[in-house]
Amino acid sequence: MTGGIFAFAVLALLPAWSINPLLALVNLAVTLGFGGTALVLAGEPHQGSNVRAFVVAAACWTAGYTSALAPSGPWAVIQWVLGPLVFPALMAVLLRYPRSQPLGLPNRVLVVGLAGLLVVLRATSALVSEPAWHGFNPRAWWPTVTRSPTVAVICDVGVTVVGTGAALLFAVIAARRLYRTEGIDRRLLHPVATAALAAAVVVGAEVTSGTATLSPTAADIVFGVEALALLTIPAAFGVSAVRRRLAHAAMSQLVVALARPVTPDHVRRVLAESLSDPTLRVIYHHPDGEGHVDPGGMTVDLAPVYADRCTRTVATPDGTPLATLDMHPSLAGHPNLVDAAFSAARLALENSWLQATTKASLTEVRESRARIVGAGDEARRRLERDLHDGVQQRLLALKVALAIARPRATSPDDRAMIDMVRAELQETLDELRGLARGLHPAILTEAGLGPAVHSVVERLPLEVDIRVDKERLDPIVDATAYFVCCEALANIVKHSGARRAAVDVERHGTVLHVSIRDDGSGGAEEKAGGGLAGLRDRVMAVGGSMRILSDGGGTRVQVTIPCA
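Residues numbered from 1 in each chain as written. Predicted model: local features only at pLDDT ≥ 70, side-chain atom pairs only at ≥ 80, totals over all residues. Heavy atoms only, no water.

### Some points on the overall build of the protein
The helix and strand tally for the protein stands at 17 helices and ten strands. A burial count over the protein gives 44% of its 564 residues as buried. Of the accessible surface of the protein, which amounts to about 28,100 Å², a share of 62% is contributed by carbon and sulfur atoms. (Helix = DSSP H or I, 4+ residues; strand = E, 2+ residues; numbered from the N terminus. Buried < 20%, exposed > 50% of the residue type's maximum accessible area, 1.4 Å probe, protein only. Areas by Shrake-Rupley, 256 points an atom, 1.4 Å probe, with all protein chains shown as cover.)

Next up, the structure:
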């Protein structure tokens, strides 16, 4: 059909070549541009509606200069009635592109209403006028029913008003669509909307100013400028088609970019750049088939991701789901591009899936260890309370009873025996309090980390400088930092021969930094089954880390504990 329209356009323009060859060439270029754009879009998926619209635009533009074919034929009235329909056809494309879905009801009413109004006005004008009134050959066939210059002028003014409004509306639609479109659709629409905006301004100016009062030469210049402005629209579609093909060609570069070992974050970033979607997310399926994780291995909820988004699931050849890609809705209109990206990135996604799920497993292990540590600390607290409120209170009551009984003892031997039992009870109470403090000191729960560390230092045979933030933290963090300080200070007393030590506990953002240093002989080593090894296990169980720096100038234990 496009070839037939082009051949008819050449035939229709034959008389014009001898009069104004430049204008004839521009008009032929517009027809060829519209028809060529239809052919280009026909090679792309889901563009059938836009192809038909461009075919209509090419046919209507060709009809706009058919009056010279036969001076006495019907071509003049065909040109008069159908010529303006090129603008509703182009408006239909602009409302859809780069998609080709059916127009919604408001847009359909707009396009059909505009086309119908233009046809009615031009047809009414033809019924009440002569061809010469509109610049056509007086011998042309014309469906005159009656002659009414007033009605003809009203209809022509109506066409001018509608044309001006259509041009303004065309410009508004172009600007609005360019502003509201995102993702890859914006890259494709940008040249088209820009050209449509420029063409709307030129055509609107031409329609508003009118050409009836101009000389033939001036009118030809105005028509030529209008045609050149419209010619930018198929040129813009050519640029958009090149961009679409370059996007597909970039998928080969995607294979190269993902060929080397990559991280899950790098895979997401490369896919986002290739698909022009900075909002793209990669959600990995958990190996056990339940739940999903992000590239960092953290559990995420997939349900909210699906709202108003384009999603695709990537699976292994055996059907095992690897990942769900959450993409901008505009990518739903480019399935071939998305498929090409998935094919190029499948191997990298499999590797990323392994990394992400491994991180998720490690996260689960860390969380499990933290829960175990928390449960152990809670058990220590309960045991400390039981010792304090139960056994210790009974021993104190027994000691008081012995103190009351001593004056009533009649013999020195009985009093000596009571004194010995009281001394043993006191020693037992001291040992019991020490045991309770070792399990979980009540002062740590009641007053916090600072007072608890001070209570430990008070019983040590060396001078210790203490700087502890007063901020109360999570009980697990407080307990871990407390036991780090206790174990490190115990090692200083037992092995270093130090005369002075320092304890610094400071929070920086979401990390608690604990540092214990001394001026002893150094040489501290972490041995399997030793106190420092157990300390490291406890710190790692809550996601922290520990470093031991020990030389001839003393020992420094540095611990970091997450405390978000």
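Don't stop here, the text continues.
### Focus on the pattern of salt bridges
Scanning the model with the defined rule gives seven salt bridges in all. Put simply, Arg472 and Asp478 hold a salt bridge, and the shortest N to O gap is 4.0 Å. With relative accessibility at 42%, the residue Arg472 sits in the partly exposed group. Several salt bridges converge on common partners, so that one network encompasses Glu463, Asp465 and Arg500. (Salt bridge = Lys/Arg side-chain N within 4 Å of Asp/Glu carboxyl O.)

### Some remarks on empty space enclosed by the protein
For the coordinates displayed, the defined rule picks out two cavities of 30 Å³ or more. Lining the largest cavity are Leu449, Val468, Asp469, Glu471, Leu473, Asp478, Val505, Arg507 and Leu512. In terms of residue class, the lining of the largest cavity is made up of five nonpolar, no polar and four charged. The calculated volume of the second largest cavity comes to roughly 50 Å³. No other element matches helix α6 (residues 86-96), which puts three residues into the lining of the second largest cavity. Residues that form the lining of the second largest cavity fall into these classes: nine nonpolar, no polar and no charged. (1 Å grid on protein atoms, 1.4 Å probe; cavity = no way out; pocket = protein on both sides within 12 Å on 5 of 7 lines; lining within 4 Å. Points joined across faces, edges and corners; volume = space filled by probe spheres on them. Nonpolar A, V, L, I, M, F, W, Y, C, P; charged D, E, K, R; others polar.)

### Describing the sheet that holds strand β10 (residues 554-562)
As summarised here, the arrangement of the five strands in space is β6-β7-β8-β10-β9, forming an open sheet in which the pairing is mixed. Strands with a single pairing partner mark the edges of an open sheet, and in this sheet they are β6 (463-468) and β9 (545-551). On average, each strand axis in the sheet is tilted by 10° relative to the strand beside it, whichever way the strands run. Summarising the sheet, strand β7 (residues 500-508) and strand β8 (residues 511-518) pair through eight bridges and their orientation is antiparallel. Its bridge partner lying in β8, Ala501 is registered against Asp518. (Pairing = 2+ DSSP bridges. Axes fitted to C-alpha atoms, helices over the stretch in contact; angles between N-to-C directions.)

### A word on the layout of surface pockets
Looking at the second largest pocket, its volume works out to about 490 Å³. Lining the second largest pocket are 19 residues; nearest its centre among them are Leu95, Arg176, Arg177, Arg180 and Thr181. Residue assignment for the lining of the second largest pocket shows that the elements contributing at least two residues are α6, α7 (105-127) and α8 (149-180). Counting residues per element, the lining of the second largest pocket draws most heavily on α8, which supplies four residues.

### A look at the nonpolar core
Membership of the largest hydrophobic core comes to 53 residues, with the highest contact counts inside it found for Phe34, Phe54 and Leu90. Put simply, the parts of the chain that give this core at least two residues each are α3 (21-42), α4 (48-63), α6, α7, α8, α9 (183-209) and α10 (216-257). Considering each element in turn, this core owes the most residues, nine residues, to α9. When residues no more than four places from it in sequence are discounted, the contact partners of Leu90 are Phe34, Phe54, Ala57, Phe170, Leu230 and Ile233. If you look at the next biggest cluster of nonpolar residues, it comprises 38 residues, including Val464, Cys485, Val542 and Ile561. (Core = buried A, V, L, I, M, F, W, Y, C linked by side-chain atoms within 4.5 Å. Contact = heavy atoms within 4.5 Å.)

### Side note on a nonpolar patch on the surface
Judged by side-chain polarity, Val153, Val157 and Val161 come together as a nonpolar surface patch covering roughly 260 Å² of accessible area. Among the structural elements, Val161 can be located in helix α8. Residue classification places Val161 among the exposed residues on the basis of a relative accessible area of 55%. (Patch = residues over 30% accessible without salt bridge, like charges linked within 9 Å, V, L, I, M, F, W, Y side chains within 5 Å.)

### Quick word on unusual backbone geometry
Negative phi values dominate among residues other than glycine, just as trans dominates among peptide bonds. A cis amide bond, omega 5°, links Tyr97 with the succeeding residue Pro98. Summarising the element assignment, Pro98 is placed in the loop between α6 and α7. Phi at Ser276 is positive, roughly 55°, even though this residue is not glycine. By the element assignment, Ser276 lies in the loop between α11 (264-274) and β1 (281-285). Residue class for Ser276 comes out buried when judged on its relative accessible area of 18%.

### A word on the state of the cysteines
Tallied over the full model, the rule gives zero disulfides. Cys486 forms no disulfide, and the closest cysteine sulfur to it belongs to Cys485, at a distance of 6.9 Å. (Disulfide = S-S within 2.5 Å.)

### Quick notes on helix α15 (residues 449-457)
Of all nine residues in α15, seven are buried; the element is thus mostly enclosed. What α15 keeps buried is the set Leu449, Gly450, Ala452, Val453, Ser455, Val456 and Val457.

### Here's the deal with the packing of α7 against α8
In the contact formed by α7 and α8, the axes pass within 8 Å of each other and the chain directions differ by 160°. Overall, the two elements α7 and α8 adopt an arrangement that is roughly antiparallel. As for the relative orientation of α7 and α8, their crossing is left-handed in sense. Seen from α7, the contacting residues are Leu110, Leu114, Leu117, Leu118, Leu121, Arg122, Thr124 and Ser125; seen from α8, they are Val151, Ala152, Cys155, Asp156, Gly158, Val159, Val162, Ala166, Leu169 and Ile173. The residue makeup of the contact of α7 with α8, split by class, is 13 nonpolar, three polar and two charged. (Parallel < 35°, antiparallel > 145°, perpendicular 65-115°, else oblique. Left-handed = near helix turned anticlockwise from the far one by under 90°.)

### Here's the deal with the pairing of β7
Pairing between β6 and β7: six bridges, direction parallel. Directly across from Val468, in β7, lies its bridge partner Val505.

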